[in-house]
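# Geometric and topological summary
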Amino acid sequence: MPTTEDGHTKYYYTYVDAVVNIMLENDRYLHSKRNKELSKIVAEQIQCSVRTAQRYIADAKKEIRRIGNQKKDQAFIKSMRDLEFLLSKTKNGK
């Protein structure tokens, strides 16, 4: 089966995206104490071993962190623009 540059198949990332969706639908799965429960759910839904499900979960958590950091940077830039706008309005006396 053809692999991507990092050695995974295209199906691997399809499963990781599915796990990301599961985790975002129920935020309690983001906590590490729920890993065992989440591993069982993922293994049943994707029909894989628990160990493989844990790999998907680990990569899904990395993906969620990456998405969160991007949105955090965008939110910071937007807030700085808003602040600059308010400062320029205040300085002009409007």
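Remember, predicted model here, so these are calculated numbers, not experimental data.

### Re the pattern of salt bridges
- For the structure shown, the criterion picks out five salt bridges.
- Residues Arg34 and Glu37 are paired through a salt bridge, measuring 3.2 Å at the closest nitrogen-oxygen approach.
- Of the residues examined, Glu37 reaches a relative accessible area of 28% and is grouped as partly exposed.
- Of the charged contacts, one joins Asp82 and Lys78 as a salt bridge, the two residues approaching to 3.1 Å between their closest N and O atoms. Taken together, the positions of Asp82 and Lys78, both in helix 3 (residues 50-91) and four residues apart, correspond to about one turn of that helix.
- Taking the relative accessible area as the measure of exposure, Lys78 reaches 46% and is therefore partly exposed.

### Some points on the side chain of Ser39
- Structurally, the position occupied by Ser39 is in helix 2 (residues 35-46).
- Every residue in contact with Ser39, bar those within four places of it in the chain, is listed here: Val50, Ala53, Gln54 and Ile57.

### A look at the packing of helix 1 (residues 10-25) against helix 2
- Between helix 1 and helix 2, the shortest axis-to-axis distance is 11 Å and the interhelical angle comes to 130°. Taken together, helix 1 and helix 2 sit at an angle that is classed as oblique. Where helix 1 crosses over helix 2, the handedness of that crossing is right-handed. Along its contact with helix 1, which presents Tyr15, Val19, Ile22 and Met23, the element helix 2 presents Leu38, Val42, Gln45 and Ile46.

### Things to note about unusual backbone geometry
- The phi torsion at Gln47 lies on the positive side, around 60°, for a residue other than glycine.
- A residue is classified by how much of its surface remains accessible, and Gln47, at 72% relative accessible area, is exposed.

### Quick notes on the packing of aromatic side chains
- Under the definition given, this model contains three aromatic pairs.
- With a centroid separation of 5.4 Å and 85° between ring planes, the pair formed by Tyr12 and Tyr13 is classed as edge-to-face.
- In this structure Tyr13 comes out as partly exposed when scored by relative accessible area, which is 29%.
- For the ring pair Tyr15 and Tyr56, a centre distance of 5.4 Å and an interplane angle of 50° mean the geometry is tilted. In this pair, Tyr15 is assigned in helix 1 and Tyr56 in helix 3, connecting sequence segments 41 residues apart.
- On the basis of relative accessibility, which here comes to 31%, the residue Tyr15 falls in the partly exposed class.
- Three or more aromatic residues link up through ring pairs in this structure, and these residues are Tyr12, Tyr13, Tyr15 and Tyr56.

Criteria and thresholds
- Residues numbered from 1 in each chain as written.
- Predicted model: local features only at pLDDT ≥ 70, side-chain atom pairs only at ≥ 80, totals over all residues.
- Heavy atoms only, no water.
- Salt bridge = Lys/Arg side-chain N within 4 Å of Asp/Glu carboxyl O.
- Buried < 20%, exposed > 50% of the residue type's maximum accessible area, 1.4 Å probe, protein only.
- Helix = DSSP H or I, 4+ residues; strand = E, 2+ residues; numbered from the N terminus.
- Contact = heavy atoms within 4.5 Å.
- Axes fitted to C-alpha atoms, helices over the stretch in contact; angles between N-to-C directions.
- Parallel < 35°, antiparallel > 145°, perpendicular 65-115°, else oblique.
- Left-handed = near helix turned anticlockwise from the far one by under 90°.
- Phe/Tyr/Trp six-rings, centres within 6.5 Å; stacked < 30°, edge-to-face > 60°.

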